[in-house]
Each structure stands twice: as C-alpha cells, then as structure tokens.
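Now for the letters of each chain:
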Amino acid sequence: MVAQATHLRERWTVPEVQIITSDGADIGWIQNSIRDNALYLEQIFIDAAFQRHGIGTRIIKDLISQATRAGQSVTLGVVKTNPARNLYERLGFRITHEDERKFYMRREPRSP
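Residues numbered from 1 in each chain as written. Predicted model: local features only at pLDDT ≥ 70, side-chain atom pairs only at ≥ 80, totals over all residues. Heavy atoms only, no water.

Undergrad: What am I meant to see in the sheet that holds strand 5 (residues 94-98) here?
TA: Pairing between sheet strands relies on hydrogen bonds along the backbone, with the strands arranged either parallel or antiparallel. Taken together, the 6 strands give an open sheet; going across it, the order is 1-2-3-4-6-5, and neighbouring strands pair in mixed fashion. Strands at the two margins of the open sheet, each flanked by one partner only, are strand 1 (17-22) and strand 5. Each strand of the sheet is rotated relative to its neighbour by a mean of 30 degrees, with strand direction disregarded. In this structure, strand 2 (residues 25-35) lies alongside strand 3 (residues 38-46), joined through 8 bridges in antiparallel fashion. Across the sheet, residue Trp-29 finds its bridge partner in strand 3, namely Phe-45. Docked against the sheet, helix 2 (residues 55-69) engages strand 1, strand 2, strand 3, strand 4 (74-79) and strand 6 (102-107), running at close to 165 degrees with respect to strand 3. (Pairing = 2+ DSSP bridges. Helix = DSSP H or I, 4+ residues; strand = E, 2+ residues; numbered from the N terminus. Axes fitted to C-alpha atoms, helices over the stretch in contact; angles between N-to-C directions. Contact = heavy atoms within 4.5 Å.)

Undergrad: Looking at this structure, I do not really get the pairing of strand 1. What am I missing?
TA: As a general feature of sheets, a regular strand has side chains that alternate between the two faces. Two strands pair when backbone bridges link them, and strand 1 and strand 2 are joined in this way by 6 bridges, in the antiparallel orientation. Within strand 2, the position partnered with Val-17 by the bridge is Gln-31. The antiparallel hairpin formed by strand 1 and strand 2 contains 2 residues in its connecting segment, where Asp-23 sits at a positive phi of about 50 degrees.

Function cannot be read off these values alone, since they describe shape.
Structure below.
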C-alpha cells in the first residue's frame, strides 16, 4: 500500500490532473500533459461502479475536442491486455509503435 501511494505521488503532477465527478461524487480522474507537441493522455481512471456507462468515452472525446481546437494530436500508451484499446481505436487512435508491455497510439487532430 505504501509503495502504491509513493508511486501515485511520483506520477501525479497536480496541474495535469482533473477529478471526474458524477452527481457530486468523485468517481475517477484523468491526467494529461503535453509531450512532443501533442496532448498525451497520461492516465484515466473511472471507479468500477461507474464503468461501462459512457463516462470514459465522453471524457476522452472532450480531450480530443480540446486537442483538435489547439491543432494537436492526442497520444497515449495502453497496456496490451487492457480492453480500453478497443475504445481508443473506435475513437480514431492508431498504433504507432509498441514495446513488450504497451501499445502507443496517436489520434491526429482531423481524424474521423
């Protein structure tokens, strides 16, 4: 537990994090930054009780809209076993490269 807390503190840069709420309750967070002139989705978390309700899709679409208005691509890394990869592909992300653990994906500002 201490190791997890330390890991989170190291990864969270407060200005990059937004808390996701629903009906006044905190249900998750999203963290993004700028990397190589693109909006990079560092991480997104939705509490299990609120998953599969379209919340994550809506949040990522908002992120895409924000990047598109700025003329930026959106990039991310997704663990190969994470089913969210299907969502990202539906939203126009394409794999640019991979390592042994993750697929790295990119969505250009004018993608459908």
